[in-house]
Amino acid sequence: MDLDSDTEEELTTPQIESLEHSTESDFSTVSGSQGLEVFLKKLTDLMHHDNVVSIRQEQYQMMRHLEVANWKLASLNEISETTFNKCATDFRHHTKMLQDMKKQLDSIFRRIRNLKLRVATMYPEAYAIAEEKCLKTDDVTKND
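Residues numbered from 1 in each chain as written. Predicted model: local features only at pLDDT ≥ 70, side-chain atom pairs only at ≥ 80, totals over all residues. Heavy atoms only, no water.

**So, the overall build of the protein**
Heads up, the condition is: Here a helix means four or more residues in a row that DSSP labels H or I, a strand means two or more in a row labelled E, and each is numbered from the N terminus. Throughout, exposure labels follow a simple rule: accessible area from a 1.4 Å probe, protein chains only, divided by the maximum for the residue type, with under 20% read as buried, over 50% as exposed, and the rest as partly exposed. Accessible surface area values rest on a Shrake-Rupley calculation with a 1.4 Å probe, where residue burial reflects the displayed protein chains alone.
Secondary structure assignment for the protein yields five helices and zero strands. Relative to its full complement of 144 residues, the protein shows a buried share of 7%. Accessible surface, the protein as shown: approximately 12800 Å² in total, 60% of it carbon and sulfur.

Quick look at the structure:
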């Protein structure tokens, strides 16, 4: 909103002071609605019609700009909500899948431990030799 220097000067001139002083005396002699009319008349006399029109045009342009921005933000919010809902559904699905996989792996490792214990109790010598070979193989692969 571009107000030229004339407008700023008009708003800071002694006319404002005269408005303040005259309204006190004018309002004391007139009734409510007439006092409002006198006040509005003096207030409109302070500003040029062209300035008011330019201010209204600027306000209208700003309102249109804000409406467009508001529409864009609303669209963005809808897209974001849709994307979030899809991601949340996928996340829940993947979380459930990981939990199921963990249960399955726990079951597999428990069975392996049970088999190792059973083999170790039934064939202790063979199990010790096999375990030694596995440890040596693990050491060789770790060093490479």
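That shown, we press on.
**A short note on the pattern of salt bridges**
Worth spelling out the cut-off: Each reported salt bridge corresponds to a side-chain nitrogen of Lys or Arg within 4 Å of a carboxyl oxygen of Asp or Glu.
Tallied over the entire structure, the rule returns four salt bridges. Notably, a salt bridge pairs R64 with E67, separated by 2.5 Å at the nearest N-O pair. One end of the pair is R64 and the other is E67, both in helix 4 (residues 49-122) and three residues apart, which spans about a single turn. Accessibility expressed as a relative area gives 42% for R64, which makes it partly exposed. Classification of E67 as partly exposed rests on a relative accessible area of 38%.

**Concerning helix 4**
What counts here: Multiplying one less than the number of residues by 1.5 Å gives the expected span of a helix.
Given a rise of 1.5 Å per residue, 74 residues ought to cover 110 Å, and the 107 Å separating the end C-alpha atoms of helix 4 matches this to within 8%. Of the positions making up helix 4, those classed as buried are N51, I55 and A88.

**Observations concerning the confidence of the model for the protein**
Our working definition: As a per-residue measure, pLDDT tells how confident the predictor is, with possible values from 0 to 100. Working rule for contacts: check all heavy atoms of both residues, and any pair within 4.5 Å makes them a contact.
When pLDDT is averaged along the protein, the result is 82, and 77% of the positions lie at 70 or above. Of the regions scoring below 50 in pLDDT, residues 1-12 engages in 13 contacts with residues more than four places distant in sequence or in other chains.

**Examining a nonpolar patch on the surface**
Heads up, the condition is: Residues form patches when they are more than 30% accessible in relative terms and have no salt bridge. Like charges link within 9 Å. Nonpolar side chains (Val, Leu, Ile, Met, Phe, Trp, Tyr) link within 5 Å.
Together, L105, I108, F109 and I112 give the surface a local cluster of nonpolar side chains, amounting to about 350 Å² of exposed area. Here L105 lies in helix 4. A relative accessible area of 43% places L105 in the partly exposed class.

**What about the environment of T121?**
Short version of the rule: Throughout this description, a polar contact denotes any pair of N or O atoms lying within 3.5 Å of each other; where both atoms belong to protein, one of them has to be capable of donating a hydrogen while the other can accept it, and for residues adjacent in sequence the pair is counted only when both atoms sit in side chains.
Mapped onto the secondary structure, T121 falls in helix 4. Side-chain polar atoms of T121 contact the backbone oxygen of R118, separated by 2.9 Å.

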